Amino acid sequence: MNQVTLSTLLRSLLAVGLTCGALAAQAQDVAAAEATIKDSKCSKCHSVDKEKTGPAYKKVAEKYKGKADAEAKLYTHLTTGPKIKVDGEEETHVKAKGDDAAIKNLAKYILTR
Ligand code: HEC
């Protein structure tokens, strides 16, 4: 094997490695996220692509697109019960049910709609 083929080979191996890393960072369990949504009754006010009482998850994903702290922001939103307006009345946003991992997974799910 000459020098050129070897370096081409190494470069493709590196590319494969990077792709796997990127996929792992995006890894999410869609079924688990949907179960958390069901458990927490989020669908009363949200859907993936329709505006209801709350914004569509697609819209939320758009709002946070390219923001490094997006997942942390949603995690806070879903764990601290911030004040929101529902039909002009101030309410406390519901907290998502489940452990840390489940809520982080849910945040990833919403951000990738
Ligand atoms: C009673 C209705 C209601 C329920 C139930 C509800 N939400 Fe919301 N949600 C809202 C409203 C209204 C807003 C908009 C708040 C604002 O923009 O001030 C909102 C905002 C959000 C946002 C956007 C936050 C942001 O930073 O832009 C996300 C994500 C979200 N909700 C997810 C969920 C999830 C997940 C659940 C279930 C655990 C849930 N919501 C349950 C009404 C609700």
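Residues numbered from 1 in each chain as written. Predicted model: local features only at pLDDT ≥ 70, side-chain atom pairs only at ≥ 80, totals over all residues. Heavy atoms only, no water.

### With respect to the site of the ligand
The cut-off we apply is this: Definition of nearness: a residue and a molecule or strand are near each other if at least one heavy atom of the residue lies within 4 Å of the molecule or strand. Contacts described as polar in this section are N or O atom pairs within 3.5 Å, which, within protein, must combine one atom able to donate a hydrogen with one able to accept it, while residues neighboring in sequence count only if both atoms come from side chains. Throughout this entry, Asp, Glu, Lys and Arg are counted as charged residues, while Ala, Val, Leu, Ile, Met, Phe, Trp, Tyr, Cys and Pro are counted as nonpolar. The remaining residues, Gly among them, count as polar.
Surrounding the ligand, one finds 22 residues, the nearest of these being Cys42, Cys45, His46, Tyr64 and His93. Contact distances for the ligand include 2.6 Å between an oxygen atom and a side-chain N or O atom of Lys63. A distance of 3.3 Å separates a nitrogen atom of the ligand from a polar atom in the side chain of His77. Residue composition of the shell around the ligand, by class: 12 nonpolar, six polar and four charged.

### What about the side chain of His93?
Note the threshold: Secondary structure elements follow DSSP: runs of H or I of four or more residues count as helices, runs of E of two or more count as strands, with numbering from the N terminus. Contacts are residue-level and defined by heavy atoms, with any inter-residue pair within 4.5 Å sufficient.
Here His93 shows up in the loop between strand E2 (89-92) and helix H5 (100-111). Of the polar contacts made by the side chain of His93, one reaches the side chain of His77; its length is 3.2 Å. Those residues in contact with His93 that sit more than four places away from it in its chain are His46, His77, Leu78, Gly81, Pro82 and Ile84.

### Brief notes about unusual backbone geometry
Of all residues except glycine, most have a negative phi; of all peptide bonds, most are trans. What counts is decided by this rule: Exposed residues in this analysis have more than 50% of their type's maximum accessible area, buried residues have under 20%, and partly exposed residues fall in between, with area computed by a 1.4 Å probe over protein chains only.
Although it is not a glycine, Lys41 adopts a positive phi angle of roughly 55°. Looking at the element boundaries, Lys41 is found in the loop between helix H2 (30-39) and helix H3 (57-64). The class of Lys41 is exposed, set by a relative accessible area of 62%. Not every positive phi belongs to a glycine, and Asp87 is a case in point at roughly 50°.

### Here we look at the packing of helix H4 (residues 70-79) against H5
The test is simple: Note on definitions: angles span 0 to 180 degrees between N-to-C directions of axes, and those axes are lines fitted to C-alpha atoms, for helices only across the stretch in contact. Orientation labels follow simple angle bins: below 35 degrees gives roughly parallel, above 145 gives roughly antiparallel, 65 to 115 gives roughly perpendicular, and whatever is left gives oblique. With the far helix as reference, a near helix turned anticlockwise by less than a right angle produces a left-handed crossing, and one turned clockwise produces a right-handed crossing.
Contact geometry for H4 and H5: axes closest at 9 Å, N-to-C directions at 120°. Compared by their axis directions, H4 and H5 come out oblique. Considering the relative orientation of H4 and H5, their crossing is right-handed. Residues Ala70, Glu71, Leu74, Tyr75, Leu78 and Thr79 of H4 touch H5, and the partners they reach there are Asp100, Ile103, Lys104, Leu106, Ala107, Lys108, Ile110 and Leu111.

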